[in-house]
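The primary structure of each chain is shown beneath.
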Amino acid sequence: MRSIRKTLSVDLEEFAAEILKPHFHSGGPPKKFAIRPVVRGNSKFNRDILIKTIAQVVGPDHTVDLKNYDLLILVEVVQNLIGMSVMGSDYDKLKKYNLAELYKPSAKTEAKAEAPEAKE
């Protein structure tokens, strides 16, 4: 789930609870999570406030794991807008869901393609 709100009228705890409820408070085993906040052009919210508030909403039953997370919470504040979404554990592995990056040939693939031509 993802959502965008204006920062002037948002209650951060209420907003986070709405987004995180289906992922963290609907039963099931405890999950490992990471929070990635980005703040640009806003003085009301800073990185520390976002991390602390969102971690409180997630609750103590779930643990923080920045590298091997089950769920990734993305928070972006740009001027007077705040957006929040929850991503799966494959977010980094799949190049942040960027299709152009996923289909870009890697250096290893290019080296294998060039190797037969060099022998001829």
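Above this note sits the structure.
Residues numbered from 1 in each chain as written. Predicted model: local features only at pLDDT ≥ 70, side-chain atom pairs only at ≥ 80, totals over all residues. Heavy atoms only, no water.

A closer look at the packing of aromatic side chains
Here the structure, examined in full by the defined rule, presents one aromatic pair. Note on Phe24 and Phe33: the rings are 5.7 Å apart at their centroids and 75 degrees apart in plane angle, and the pair reads as edge-to-face. Taking relative accessible area as the criterion, Phe24 reaches 4% and is therefore assigned buried. By relative accessible area, which is 1% here, Phe33 ends up buried. (Phe/Tyr/Trp six-rings, centres within 6.5 Å; stacked < 30°, edge-to-face > 60°. Buried < 20%, exposed > 50% of the residue type's maximum accessible area, 1.4 Å probe, protein only.)

Let's talk about the pairing of strand S5 (residues 81-88)
Burial within S5 is extensive, with six of its eight residues counted as buried. Across eight bridges, strand S4 (residues 71-78) lies against S5 in antiparallel orientation. Bridge pairing in S5 places Leu74 opposite Ser85. The hairpin formed by S4 and S5 contains two residues between the paired strands, and Gln79 there has a positive phi angle of roughly 55 degrees. (Helix = DSSP H or I, 4+ residues; strand = E, 2+ residues; numbered from the N terminus. Pairing = 2+ DSSP bridges.)

Section: the sheet that holds strand S3 (residues 63-64)
Overall, mixed pairing links the five strands, which are arranged S1-S5-S4-S2-S3 in an open sheet. Looking at the sheet topology across the chains shown, the edges are occupied by strand S1 (2-6) and S3. Sheet topology note: the strand S2 (residues 32-40)/S4 ladder contains eight bridges and is parallel. When the sheet's bridge partners are listed, Val38 is paired in S4 with Glu76. Sitting on the sheet, helix H1 (residues 12-24) touches S1, S2, S4 and S5, and the angle it makes with S5 is about 15 degrees. (Contact = heavy atoms within 4.5 Å. Axes fitted to C-alpha atoms, helices over the stretch in contact; angles between N-to-C directions.)

Examining unusual backbone geometry
The phi dihedral of Gln79 falls on the positive side, at around 55 degrees, and the residue is not glycine. Gln79 gets classed as exposed once you look at its relative accessible area, which sits at 55%.

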